[in-house]
Amino acid sequence: MPKRCVECRGEGFSKIVAPLEREVSGRLFVGKAPALRCKECSLLYWQASSLIGFERRIGAVLASEGPATARTFQFLRKAIPLKALDLAALLHVSAETISRWENGKTHLDLGAWATLARIFLEHLEGNTETRDRLRSIDDRKTKRVDLGRIPAASGAEASAAK
């Protein structure tokens, strides 16, 4: 934490629990986290880990409940953090398309929003399943796939296959 206040150059700080507030797509998120308050000018300083935790909680709510908007799409991407170029590669669109979606210049693809929401929730769990799956869809390195010996279909399966 700081030795001097960046605003007034004061050196005295008080430990407090301070409110956090963030608005995303019309939803106001509030919380509290430990902070330092400058004794001279009252400027607040939070630890980066507290702010990251607050943003992760916001992202979890947005990814689970929406709304599916340009602003929430951008928030989730940045909170992962995932570069627009990398997300574009996963979704098989251009980086310009990501930019247009995030800036509201073109209609946001709801499938892309849902995919990013899933990637975000998996990120919170330390999981990369959806990202790995999206990467493998375009992985054309293997031309031949050996499925092994395929058993003959039983009666019910044979009827359904007709």
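Rules of the game
- Every chain's residues receive numbers from 1 upward, in the order its sequence appears when written.
- Two thresholds apply to this predicted model, a pLDDT of at least 70 for residue-level local features and 80 or more for giving and counting side-chain atom pairs, whereas whole-chain, interface and lining totals are computed over all residues.
- To get the side-chain values, all heavy atoms of the structure are used, and hydrogens and water are removed first.
- Disulfides are defined as cysteine sulfur pairs within 2.5 Å.
- For the exposure calls, accessible area comes from a 1.4 Å probe over protein chains only, and a residue counts as buried if that area is under 20% of its type's maximum, exposed if over 50%, partly exposed in between.
- Between any two strands, at least two bridges found by DSSP are needed for them to pair.
- Strands are runs of DSSP state E lasting at least two residues, helices are runs of H or I lasting at least four, and both sets are numbered from the N terminus onward.
- Angles shown run from 0 to 180 degrees and are taken between the N-to-C directions of axes, each axis being a line fitted to C-alpha atoms and, for helices, limited to the stretch in contact.
- We call two residues in contact whenever any of their non-hydrogen atoms come within 4.5 Å of each other.
- The salt bridge criterion pairs a side-chain nitrogen of Lys or Arg with a carboxyl oxygen of Asp or Glu, the two atoms within 4 Å.

Draft legend 1. Layout of the state of the cysteines. The full count for this structure, using the stated rule, is zero disulfides. Residue Cys 5 stays outside any disulfide, its sulfur separated by 3.5 Å from that of Cys 41, the closest cysteine. With no disulfide partner, Cys 8 has as its closest neighbouring cysteine sulfur the one in Cys 38, 3.5 Å distant. With relative accessibility at 28%, the residue Cys 8 sits in the partly exposed group.

Draft legend 2. Seen up close, the sheet that holds strand 1 (residues 13-24). Read across the open sheet, the three strands follow the order 1-2-3; overall the sheet is antiparallel. Across the chains shown, the open sheet's two edge strands, defined by having one partner strand only, are strand 1 and strand 3 (44-46). Along the sheet, successive strands turn relative to each other by an average axial angle of 50°, direction set aside. Bridge count for strand 1 against strand 2 (residues 27-38) is twelve bridges, and the pairing is antiparallel. Along strand 2, the bridge assignment pairs Glu 23 with Leu 28. Along the sheet, helix 1 (residues 48-65) makes contact with strand 1, strand 2 and strand 3, crossing strand 2 at roughly 175°.

Draft legend 3. Representation of the pattern of salt bridges within the structure. With the rule as written, the count across this model stands at seven salt bridges. In this structure, Glu 102 and Arg 77 form a salt bridge, with 2.5 Å as the shortest nitrogen-oxygen distance. Placement of Glu 102 in helix 4 (residues 95-102) and of Arg 77 in helix 2 (residues 70-79) is noted, with a sequence separation of 25 residues between them. A single burial state applies to Glu 102 and to Arg 77, both of which are buried. Arg 135 is the partner of Asp 132 in a salt bridge, and the nearest nitrogen-oxygen pair spans 3.3 Å. One end of the pair, Asp 132, and the other, Arg 135, are both in helix 6 (residues 129-137), three residues apart, so they sit about a helical turn from each other. With relative accessibility at 39%, the residue Asp 132 sits in the partly exposed group. Judged by relative accessible area, which is 46%, Arg 135 ranks as partly exposed.

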